[in-house]
Amino acid sequence: ACGGGTGGGATGGGGDSITMGFSQVGAESGWRTANTKSVQDSAKNANITLKFSDAQQKQENQIKAIRSYIQQKVDIIAFSPVVESGWDTVLKEAKDAKIPVILTDRAVDSKDTSLYKTFLGSDFVEEGKKAGQWLVEEYKSSTDPVKIVELQGTTGSAPANDRKAGFQDVIKAETKFEIIASQTGDFTRAKGKEVMEAFLKSNPDIDVLYAHNDDMGLGAIEAIEGAGKVPGKDIKIITVDAVKDGMQALADGKINFIVECSPLLGPQLMDLAKKVLKGEQVPARVVTEETTFNQEQAKQALSSRQY
Ligand code: GZL
């Protein structure tokens, strides 16, 4: 169930209302825009005062933002870590200042799990596995080699590391699958297009593109069409997210399969924040519920998508 409740306001650390400091990765993709909207709308609905900062995908900007929230003595800090490593020092500063931290969307590799109260977000390894399972099914009746190129997410980020690992873990069972090129497109359309253009120049016989998000897949579609090939037919495409533009391309047959990664974490985040500040127990890990879409399912689902 999502938060919100009808109780008489939250009893935050700072008197009768809660102030949350939120450090967002950036505005790199349709997913991120939807995630930001979910956080901002849910804070309003929960009567939580939100201090929000956009780090333009730079870790040092996130660390600065978290430090400023500590200075401002917010009641709670939440953030989506742009990369997995390098957070222990600033998280210890928050802990010493007795300000609880909630991780949303992406994970950190800190060994000291007392540095944050809970991690709310998708299981990215599972997402990679779902992508691999579709490919195994799609090519089950052929023994010909399948040449795959991969557009990775932001280098060092949990979704890039885990989506890659989950996918590889599934396809390694079949020797016909070969990843002939793999490079980061930084989760953006522009970079996805640029890297796919380079892939196409050096690999004339690509069968499949696995892109770690819709936005890079949509950029790659422009490159594939620019090279005179038909996306979804000459080159099969698997992406992750299921934002509106990705689902439209799936319904149009330019993408073949999308693994959903829900950005609508806001309601659960606010619910968890209230529980933490009331001193209630919260689970160390809250995994987002999400599904997958093929072309037929996208046509059915498109009109009701929230993002
Ligand atoms: C995943 C999220 C990723 C999305 C991308 O939870 O961190 O970052 O898959 C976004 O679209 O840029």
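Refer to the structure printed above.
First, a word on scope: everything that follows refers to the structure included in this document. (Residues numbered from 1 in each chain as written. Predicted model: local features only at pLDDT ≥ 70, side-chain atom pairs only at ≥ 80, totals over all residues. Heavy atoms only, no water.)

Quick look at the pairing of strand β7 (residues 177-184)
- In this structure, strand β6 (residues 146-152) lies alongside β7, joined through seven bridges in parallel fashion. Opposite Leu151, over in β7, you have Gln183 as the bridge partner.
- With helix α5 (residues 158-171) bridging β6 and its parallel neighbour β7, the resulting β-α-β unit is right-handed. (Pairing = 2+ DSSP bridges. Helix = DSSP H or I, 4+ residues; strand = E, 2+ residues; numbered from the N terminus. Right-handed = clockwise from strand over helix to strand, strands pointing away.)

So, helix α1 (residues 30-45)
- Taking 1.5 Å of rise per residue, 16 residues should cover 22 Å, and α1 covers 23 Å from first to last C-alpha, within 8% of that figure.
- When α1 is considered as a whole, its buried residues turn out to be Trp31, Arg32, Ala34, Asn35, Thr36, Ser38, Val39, Ser42 and Ala43.
- At its buried positions, α1 is contacted by β1 (18-24), β2 (48-54), α7 (214-226), β9 (236-241) and α9 (266-277).
- Of the residues flanking the end of α1, it is Asn47, one or two places downstream, whose phi is positive at about 55°. (Expected span 1.5 Å × (residues − 1). Buried < 20%, exposed > 50% of the residue type's maximum accessible area, 1.4 Å probe, protein only. Contact = heavy atoms within 4.5 Å.)

Observations concerning the pattern of salt bridges
- Going through the model one piece at a time under the given rule, you end up with 21 salt bridges.
- Because the salt bridges share partners, they merge into one network encompassing Glu28, Arg32, Asp105 and Arg106. (Salt bridge = Lys/Arg side-chain N within 4 Å of Asp/Glu carboxyl O.)

Observations regarding the nonpolar core
- Within the largest apolar cluster, 45 residues are counted, with the highest numbers of intra-cluster contacts made by Ile77, Phe79, Trp87, Leu135, Ile148, Phe167 and Ile238.
- The dominant element in this core, judged by the number of residues it contributes, is helix α2 (residues 59-71), at five residues.
- If sequence neighbours within four positions are ignored, Phe79 has contacts with Phe22, Ser23, Gln62, Ile66, Trp87, Leu91, Val101, Ile102, Leu103, Thr104 and Val108.
- By size, the runner-up hydrophobic cluster in this structure holds 30 residues, among which are Ala211, Leu218, Met247 and Ile258. (Core = buried A, V, L, I, M, F, W, Y, C linked by side-chain atoms within 4.5 Å.)

Scope: geometric values only; no functional claims are made or implied.
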